[in-house]
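Residue-level listing of the chains:
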Amino acid sequence: MKYGKIVCMNSKIDQKQQISALSDKLRNYQDAYYRKGRQKISDLEYDRLFDELLRLEDINPELRLQDSPTHRVGSDLSSELPEVSHTIPVLSLDKAYTLEAVVGWMQKTAVKAGRDLSFTVEEKIDGVSIVLYYKQGVLERAVTRGNGYVGNDVTANVRTIRSVPLRLKRPVSLAVRGEIYLPIEAFTRLNKKMDVPYANPRNLTAGTIRRIKSRETAAIPMEIFVYEGFFENSNDQPEMHSELTALLDDLGFRTNSRFGIFTRDGKFNQPLLPGWTLGSFSRLGTFIEKSIAARETLGYEIDGLVVKVNELDVREELGYTGHHPRWEVAYKFESPEGETVVEGIDVQVGRTGRITPVARVKPVKIGGSVVSNVTLHNQDYINILELSVGDTVAVSKRGDVIPAVERVLEKSEVENETGAVSGIWKIPSECPSCGTVLEKIGAHTFCTNPECPDQLFGRMQFFTAKAQMDIENLGPETIQFLMREGFLKDIPDIYRIDYRKLAGNPGFGEKKCELLQNGVEKSRKKPFSSVLASLGIPDLGKKSVELLLDDGIDDIDALFAIVDQGDTDRLIGIKGFGTKTVESIMSELSKPVIRERIRLLREIGLLFRQEKRALGDLPAQVFIGQVWCVTGSFIHFSPRSKAMETVKLGGGRVVTAVTGSTTHLLAGSGVGSKLKKAESLDIRIVTEDEFLEML
Ligand SMILES: [Zn+2]
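Residues numbered from 1 in each chain as written. Predicted model: local features only at pLDDT ≥ 70, side-chain atom pairs only at ≥ 80, totals over all residues. Heavy atoms only, no water.

A. Inspection of the sheet that holds strand 10 (residues 277–280) at higher detail. Strand order in this open sheet of 6 strands is 2-12-11-3-9-10, and the pairing throughout is mixed. Of all strands in the sheet, those bounded by a partner on one side alone are strand 2 (94–96) and strand 10. Each neighbouring strand pair of the sheet contributes to a mean axis angle of 30°, computed without reference to strand direction. Of the pairings in the sheet, the one linking strand 9 (residues 259–263) to strand 10 comprises 4 bridges and is parallel in character. By the bridge assignment, F262 is partnered in strand 10 with G279. Seen against the sheet, helix 3 (residues 99–113) touches strand 2, strand 3 (119–125), strand 11 (302–309) and strand 12 (328–332) and runs at an angle of roughly 20° to strand 11. Contacts from helix 8 (residues 241–251) reach strand 3, strand 9 and strand 11, with the element oriented near 155° to strand 9. (Pairing = 2+ DSSP bridges. Helix = DSSP H or I, 4+ residues; strand = E, 2+ residues; numbered from the N terminus. Axes fitted to C-alpha atoms, helices over the stretch in contact; angles between N-to-C directions. Contact = heavy atoms within 4.5 Å.)

In structure tokens:
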């Protein structure tokens, strides 16, 4: 036993050494490749070593190094993104909008310092601000800016970014500030594949950094530029910002070479990195103009330039205002955005119970109109923005239609009412309308109480609107009044209003009551398709209802029968219906509250059966009760849809796939797998000639 234990320990030591050696080797290869574009070994050999390291780490997870190169590929494990305090100041910048203002600030600052100063100018990358903490040269933690004091730990995600060094050239301890961004080319390519496209690369970057699974982050080719460093040992800290930047570069960080140093006489006795510009103050204007001109060709987005005092000791003397460092200023480019303050965040409950947070902002003029309410979509969106009440934000009008919060410009100093320390507003846990505990379903939050007053109001407003049942004289205000006075509780009540009781209420003279009654009565004649789509059942909008009817499901009983039998195949067979839609429709129509609403409306006399279409010259009953699948090409029916139409006109149903419920396969020439499937299921196969004969 003892002997066995020693062997085991030895092998553990061996494996530890192996892991360490492999990690070093692979890290060097990665570094050479991603930083310098050099490939030192073949892909095959690289993959072999990488797989070996993964295998060893898999058996000995406790031996995996913090800077293991395997962190680059991310993980499928969920991480919580806990809140972490910053140990360095992470403030936002004071802003200037003209060159004159920048020069004025430089002069004022030099006067305050009481000596000649040099200034640096760098691009202000329009990305996501991050703080990287290194201990003894190893990346220990990556934290979002948050409110400047507390941010979220996103280490696993940031480790997947190739240009973030996992280990530095020297074992120093420091905190580094940088900006993570997504190159425009990658953004354009990736955004095409998104369900909901992002407005700009920054928002996609912010969303990616906050992914729960780092494997998903690893798939997005983000980059970083670092621009500030704070060494733990103050002896390590250089004297000048330019020197610091060169040092960061030397340690293995990616710094932006579009860097300018400006002094009174244009002279500077320190080494410069390749690509840097040196000049006298009189050259500053030209440098800024050139920077603006280069904007279109950079391949990444910038929203301004940052001017900083180069002398770090002066920075310490100047200090901070509480909002901003006094030693740097952002020269902001003009943009079609407005700057405003979030005065509050309202929570709206939609007719489906979906909760939508809406920012109430101090009215701001953007592109000729005044914006005072901006939708925030859901909690994820708020998290991406790291937004809270009191924050100063940039608001844009995307496509000149819907106003959107682009980003937080400055965090509020006051803790918001939800007490979120990270400075991110949270959707309340209870419905503001009915007090029910809210549920997160997918990306959104819902109130699931079917009796919720706000939902009922939303539902009735939708039902009566012009695009649906088009009930005249029953607008939102009237609905609200009728709800308040107890005349309306749910949709069916619209047809049971006691007008004698209503007459005489403020604003409800005889004439008004008559108009309202006429509007309500007129809506009784609306066809089944309108009635069904007006109920506001999720995934049963106008288009879905149209598809159902086209497929022959033209009365509510037929639809209920499908739902009750759990015949999902029947609905999935409908072109345009995905699995998700079908599941949603099945689940919604199984709900007792929806069944009851429909039962009552039916009792009232609304139409729940579509009028049959004219069948033309065809014998109407010829295909009734049959389920046809049509495949291949035909001589008399081209395009193929003509044959499908014929089946439908004859009372049959058409499906796109052969399933157990299919009764006939109409097989043209060039049929493939469907024929085999039909044969295996013993489905009647009909040729074009036979079909014509049947007609
Ligand atoms: Zn509610």
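Once the structure has been displayed, the description carries forward.
B. Inspection of the sheet that holds strand 20 (residues 627–631) at higher detail. The strand order 21-20-22-23 describes an open sheet built from 4 strands, whose pairing is parallel. Each edge of the open sheet is held by one strand with a lone partner, namely strand 21 (653–655) and strand 23 (684–686). Neighbouring strand axes in the sheet, compared pairwise and without regard to direction, differ in orientation by 30° on average. The pairing of strand 20 with strand 22 (residues 664–667) spans 4 bridges and is classified as parallel. Within strand 22, the position partnered with C629 by the bridge is L665. Its contacts with the sheet put helix 22 (residues 641–649) on strand 20, strand 21 and strand 22, and the angle it makes with strand 21 is roughly 145°. Strand contacts of helix 23 (residues 673–680): strand 20, strand 22 and strand 23, with the helix running at about 150° to strand 22, the strand carrying the most contacts.

C. Local environment of the pattern of salt bridges. Applying the stated rule across the entire model yields 43 salt bridges. Taking the shortest distance from any N to any O, the salt bridge between R167 and D67 comes out at 2.5 Å. Taken together, the positions of R167 in the loop between helix 4 (155–158) and strand 7 (174–181) and D67 in the loop between helix 2 (43–59) and strand 1 (83–85) put the pair 100 residues apart, joining distant regions of the chain. Residue classification places R167 among the partly exposed residues on the basis of a relative accessible area of 38%. Exposure remark for D67: the relative accessible area of 2% places this residue in the buried category. With its nearest N and O atoms 3.5 Å apart, the salt bridge here joins R170 to D250. Of this pair, R170 sits in the loop between helix 4 and strand 7 while D250 sits in helix 8, and the two are 80 residues apart along the sequence. (Salt bridge = Lys/Arg side-chain N within 4 Å of Asp/Glu carboxyl O. Buried < 20%, exposed > 50% of the residue type's maximum accessible area, 1.4 Å probe, protein only.)

D. Region of interest: helix 13 (residues 476–484). The set of residues buried in helix 13 consists of T478, I479, F481 and L482. One side of helix 13 holds all its buried residues, which, seen down the axis, span an arc of 165°. In helix 13, those exposed residues whose orientation departs by more than 90 degrees from the buried face are E477 and R484. Those residues of helix 13 that are buried lie in contact with helix 12 (453–464), helix 14 (499–502) and helix 15 (510–522). G486 sits one or two positions beyond helix 13 and adopts a positive phi of about 85°. (Arc of directions from axis to C-beta.)

E. Spatial organisation of the coordination of the zinc ion. Donor atoms from the polypeptide that bind the zinc ion are C431 (SG), C434 (SG), C447 (SG) and C452 (SG), placed at 2.2 to 2.4 Å. Relative to the metal, the 4 donor atoms surrounding the zinc ion lie at angles of 99 to 115°, and the coordination shape comes out tetrahedral. Donor residues for the zinc ion, ordered by position in the chain, follow C-x2-C-x12-C-x4-C. Of this pair, C431 sits in the loop between strand 17 (402–410) and strand 18 (439–441) while C447 sits in the loop between strand 19 (444–446) and helix 12, and the two are 16 residues apart along the sequence. (Donors = N, O, S within 2.8 Å, 3.2 Å for Na, K, Ca; no water. Tetrahedral: all angles 85-135°; square planar, octahedral: opposite > 155°, others 65-115°.)

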